[in-house]
Amino acid sequence: GDRSREMSAETLAGHLAILEGRHEDAVVHHRAALALRHHLGDAARVDEAALLDRVGYALLLAGRIGEGVRALHESLRASRRSGNVHERAEAHVDLAFAFLTVDKRPASERHALVALALATTHGYQTIQKNATFMLMELALRSGREGDFERWFNKLQALLPDVKLSPEGEILLRGPHV
């Protein structure tokens, strides 16, 4: 119905706002989509966990880390209730990002490892790449050269059409990147 279309429009507007760097606007749009989802209840086709994750990620980008972490924890709980493993993995990788931004490395690493395990088991390639990048960054920031090299090599294997350098530069892009 109309509310379902409205929810989709708010979600798309939120995505666009993120792409344009308007993070506070993204929070507003994603929260509006979540409110419409709550109003629709079981009739909504969109998983609550997905919308909570979008709200949380937008809050992180807006610099509202505490609120973002709370929304992402809500997303984790909702994904467990609904059995949505993809959104559970997505929430974990976003929590890894959140904790990395505030230099809480053990928490970041814990969430990145869970995200990677879920993504690897279920074939979620984008989440695999993001979690591996987080783990590589954590190893770099912690001076763990062996771990950095291992995660770098794993990321390179996940991106066969891209030639990476250990300095983080993309040297050669393939046709599908």
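Owing to the predicted nature of the structure, the values given are computational and were not obtained by experimental measurement.

Asks: So what's going on with the overall build of the chain? Residues and values would help.
Replies: When helices and strands are counted, the chain shows eight helices and two strands. Reading the chain from its N terminus to its C terminus gives the helix and strand order α-α-α-α-α-α-α-α-β-β. A compact globule built from 177 residues should have a C-alpha radius of gyration of about 16 Å, and the chain, at 17 Å, falls within 12% of that. Each of the three principal axes of the chain carries a C-alpha extent, and together these read 50 × 35 × 30 Å. Within the span of the chain, comprising 177 residues, buried residues form 40% of the whole. Nonlocal contacts in the chain, meaning residues at least 24 apart in sequence, comprise 46% of its contacts between residues at least 6 apart.

Asks: Could you give an account of unusual backbone geometry, with specific residues and numbers?
Replies: A positive phi angle, close to 60°, is found at aspartate 103, a residue other than glycine. Its place among the elements puts aspartate 103 in the loop between helix H5 (85-101) and helix H6 (105-122).

Asks: Run through the nonpolar core, naming residues and quoting values.
Replies: The tendency in soluble globular proteins is for nonpolar side chains to be buried as a group. Ranked by internal contacts, the top residues of the largest apolar core, which has 23 residues, are Ile127, Leu135, Met136 and Trp151. Contributing elements (two or more residues each) for this core: H5, H6, helix H7 (125-141), helix H8 (145-158) and strand E1 (162-164). For this core, the leading source of residues is H7, giving seven residues. Once residues lying within four places of it in the same chain are set aside, the contact partners of tryptophan 151 are Leu113, Leu116, Thr132, Leu135, Met136 and Ala139.

Asks: Break down the packing of helix H4 (residues 65-82) against H5 for me, with residues and values.
Replies: Look at H4 against H5: their axes get within 9 Å of each other, and the N-to-C directions meet at 160°. Of the possible angle classes, the one that applies to H4 and H5 is roughly antiparallel. You can see that H4 and H5 cross each other, and the crossing is left-handed. Contact with H4, carried on its side by Ile65, Val69, Leu72, His73, Ser75, Leu76, Ser79 and Arg80, involves Glu87, Arg88, Ala91, His92, Asp94, Leu95, Ala98, Phe99 and Thr101 of H5 and no other residues of that element. A class-by-class count of the residues in the contact of H4 with H5 yields eight nonpolar, five polar and four charged.

Asks: Hey, could you go over the packing of aromatic side chains for me, with residue numbers and the actual values?
Replies: Applying the stated criterion across every chain, the model contains two aromatic pairs. Both rings, one in tyrosine 57 and one in phenylalanine 97, keep their centres 6.1 Å apart while their planes meet at 45°; by these two values the pair is tilted. With tyrosine 57 in helix H3 (residues 48-61) and phenylalanine 97 in helix H5, this residue pair connects regions lying 40 residues apart in the sequence. Phenylalanine 97 gets classed as partly exposed once you look at its relative accessible area, which sits at 24%. The ring of tryptophan 151 carries arginine 150 above its face, with NZ or CZ at 4.5 Å from the centroid.

Asks: Which residues make up the side chain of threonine 132, and what are the values?
Replies: With respect to the helices, strands and loops of the structure, threonine 132 is situated in helix H7. Accessibility expressed as a relative area gives 0% for threonine 132, which makes it buried. Those residues in contact with threonine 132 that sit more than four places away from it in its chain are Leu116, Trp151, Lys154, Leu155 and Leu158.

Thresholds applied
Residues numbered from 1 in each chain as written. Predicted model: local features only at pLDDT ≥ 70, side-chain atom pairs only at ≥ 80, totals over all residues. Heavy atoms only, no water. Helix = DSSP H or I, 4+ residues; strand = E, 2+ residues; numbered from the N terminus. Rg over C-alpha atoms; globule rule 2.2 N^0.38 Å. Buried < 20%, exposed > 50% of the residue type's maximum accessible area, 1.4 Å probe, protein only. Contact = heavy atoms within 4.5 Å. Core = buried A, V, L, I, M, F, W, Y, C linked by side-chain atoms within 4.5 Å. Axes fitted to C-alpha atoms, helices over the stretch in contact; angles between N-to-C directions. Parallel < 35°, antiparallel > 145°, perpendicular 65-115°, else oblique. Left-handed = near helix turned anticlockwise from the far one by under 90°. Nonpolar A, V, L, I, M, F, W, Y, C, P; charged D, E, K, R; others polar. Phe/Tyr/Trp six-rings, centres within 6.5 Å; stacked < 30°, edge-to-face > 60°. Lys NZ or Arg CZ within 6 Å of the ring centre and 35° of its normal.

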